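What the coordinates show
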Amino acid sequence: MNFSFKKTVFIFLAGFLGFFLLRLGFGYLLYPEGEVIGRYNPMNTQSDFAEYKARNIARQKTKQVSTSPSAAPLSVDQRYEKVANMSMVSEEFEEDSKSLRETIKQYKALVQFEQSNGLAGSRSIQLALGVNPANFDQIIDDLKKLAKLKSLQVNKTDKTNEYKTLQATQLSLTKSRDALLALKSREAKVAEMIGLEERILEIEQRIQDLGVNLGDFDSENEFVTVKLTLYEVAKSSVRHVSIINRSFTAFVFAVKYYGIFVLTFLMFLIGTLAAAKILEIGLRIKNKPAGA
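Quantities reported herein were computed from a predicted structural model and do not represent experimental measurements.

Attention shifts here to the overall build of the chain. When helices and strands are tallied, the chain shows six helices and eight strands. Within the chain, residue pairs in contact and separated by at least 24 positions form 80% of the contacts whose partners lie at least 6 positions apart.

What follows is the structure, given as structure tokens:
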């Protein structure tokens, strides 16, 4: 009985020591030099640029192969919108902001939107850039080198059908306006002339609005878009953790989780023994001779 008790205590202490050493070793593996503090992980590094209203459209001539072998390839004048959304964090905000400006100047990108937020230590800057389509990939690569990249998303949307629809609508309205202008030379009642003039003015306004929308497709405005957000973060530092602190953390871990393990094991053992006892009593009752 004495040997069994000592053996039980030895097994219990060995298990506790195993949990303690496991947690202590994990602490050294995760933080070999100490605890890293000052890290910054923004919950949302994807800005919506709600106040940014500009729109950049680019052109791309492509050749579409015909299904007929004898037919020449068709030239397609594609209009598309391409937008890159980038977010980065910087521990050297002043220097990285300066480098960002130099990169923008180097590629002759057009700053179409700019917004700065926060005070020193937690600042951010949002920029929307109009970029020459030929420089899109290269400027993205150079911007990624300025600071730590947190997210990058590139979307390309075809706008060819939209452009053709705007052109067709403008042509139709122009014809309608010219037809109404021709009617002005005819004699009519004052009320009819006033209604005709109002109708002409309404069509003129719609033509002007379409002209503004078609202006986005002009070669002079041929850009793709880069939306960039740069966040300022605190510098990471390492705080030394003593062996006493590491040991205390490992001890608390071992007490908590080894206690849960032992308690769970005891409940399982008691449940198993109880089930075996109930099964034994049931078999005795079943095998008991009749009338005994």
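The biggest cluster of nonpolar side chains holds 24 residues, and the ones touching the most others in it are Ile139, Leu143 and Val226. Secondary-structure elements contributing two or more residues to this core are strand E3 (74-90), helix H2 (93-106), strand E5 (124-131), helix H3 (136-144) and strand E7 (224-232). If near-sequence neighbours (up to four positions away) are discounted, valine 226 is found in contact with Ala84, Met86, Leu127, Ala128, Leu129, Val131, Phe136, Ile139, Ile140 and Leu143. Membership of the second largest hydrophobic core comes to eight residues, among which are Leu173, Leu180, Ile203 and Leu210.

The phi dihedral of lysine 108 is positive, around 55 degrees, even though this residue is not glycine. Structurally, the position occupied by lysine 108 is in the loop between H2 and strand E4 (110-117).

Once that is clear, we can look at the pairing of E4. Here seven bridges tie E4 to E5, and the two strands are oriented antiparallel to one another. Within the sheet, the bridge partner assigned to glutamate 114 lies in E5 and is leucine 127. Between E4 and the antiparallel strand that follows it, E5, lie six residues; glycine 118 among them carries a positive phi value of about 85 degrees.

Turning our attention to the side chain of threonine 225. Note that threonine 225 resides in strand E7. The class for threonine 225 is buried, based on a relative accessible area of 2%. In terms of polar contacts, threonine 225 uses its side chain to reach the side chain of asparagine 56, at 2.8 Å. Threonine 225 has contacts with Tyr52, Asn56, Lys82, Val83, Ala84, Leu129 and Phe136, leaving out every residue within four places of it along the chain.

What follows covers H3. Taken residue by residue, H3 has Phe136, Ile139, Ile140, Asp142 and Leu143 as its buried positions. One side of H3 holds all its buried residues, which, seen down the axis, span an arc of 165 degrees.

Glancing now at a nonpolar patch on the surface. Taken together, the side chains of Phe265, Leu266, Leu269, Ile270 and Leu273 make up a nonpolar region of the molecular surface, amounting to roughly 490 Å² of accessible area. Position of leucine 266 relative to the elements: it lies in helix H6 (residues 243-287). Of the residues examined, leucine 266 reaches a relative accessible area of 41% and is grouped as partly exposed.

In the structure shown here, the tally under the stated rule is seven aromatic pairs. Where phenylalanine 19 meets tyrosine 258, the ring centres are 5.2 Å apart and the plane angle is 55 degrees; that geometry is what we call tilted. Of this pair, phenylalanine 19 sits in helix H1 (residues 2-30) while tyrosine 258 sits in helix H6, placing them 239 residues apart in sequence. A relative accessible area of 24% means that phenylalanine 19 is categorised as partly exposed. Residue classification places tyrosine 258 among the buried positions, given a relative accessible area of 6%. Three or more aromatic residues link up through ring pairs in this structure, and these residues are Phe12, Phe16, Phe19, Phe251, Tyr258 and Phe261. Its guanidinium or amino end placed over the ring of tyrosine 80, lysine 156 lies 4.4 Å from that ring's centre, counting from NZ or CZ.

The rules we used
Throughout, a residue's number is its position along its own chain's written sequence, starting from 1. Reporting of local features is limited, given that this is a predicted model, to residues whose pLDDT is at least 70; pairs of side-chain atoms are given and counted only at 80 or more, and all residues count toward the totals for whole chains, interfaces and linings. Hydrogens are left out, water is left out, and the side-chain values use all remaining heavy atoms of the structure. Every helix listed is a DSSP run of H or I at least four residues long, and every strand listed is a run of E at least two residues long, numbered separately from the N terminus. Contacts: residue pairs with any heavy atoms within 4.5 Å of one another. By nonpolar core is meant a set of buried Ala, Val, Leu, Ile, Met, Phe, Trp, Tyr and Cys residues that side-chain atoms within 4.5 Å join together. Exposure categories follow from relative accessible area, calculated using a 1.4 Å probe and restricted to protein chains: below 20% of the type maximum is buried, above 50% is exposed, and the middle band is partly exposed. Strand pairing follows a simple DSSP-based rule, namely that at least 2 bridges must link the two strands. Any pair of N or O atoms that falls within 3.5 Å is considered a polar contact. Within protein, one atom must be able to donate a hydrogen and the other to accept it, and sequence-neighbouring residues count only if both atoms are side-chain atoms. Arc, as used here, means the arc of the directions from the helix axis to the C-beta atoms. The patches described consist of residues with a relative accessible area above 30% and no salt bridge, like charges being joined within 9 Å and nonpolar side chains (Val, Leu, Ile, Met, Phe, Trp, Tyr) within 5 Å. Accessible surface area values rest on a Shrake-Rupley calculation with a 1.4 Å probe, where residue burial reflects the displayed protein chains alone. Put simply, a salt bridge is a Lys or Arg side-chain nitrogen that is within 4 Å of an Asp or Glu carboxyl oxygen. Here the aromatic set is Phe, Tyr and Trp, taking the six-membered ring for Trp, and pairing holds for ring centres within 6.5 Å; pairs whose planes are under 30 degrees apart are stacked, those over 60 apart are edge-to-face, and all others are tilted. Lysine NZ or arginine CZ positioned within 6 Å of the ring centre and within 35 degrees of the ring normal marks a charge as sitting over the ring.

These figures come from the coordinates and say nothing about function on their own.
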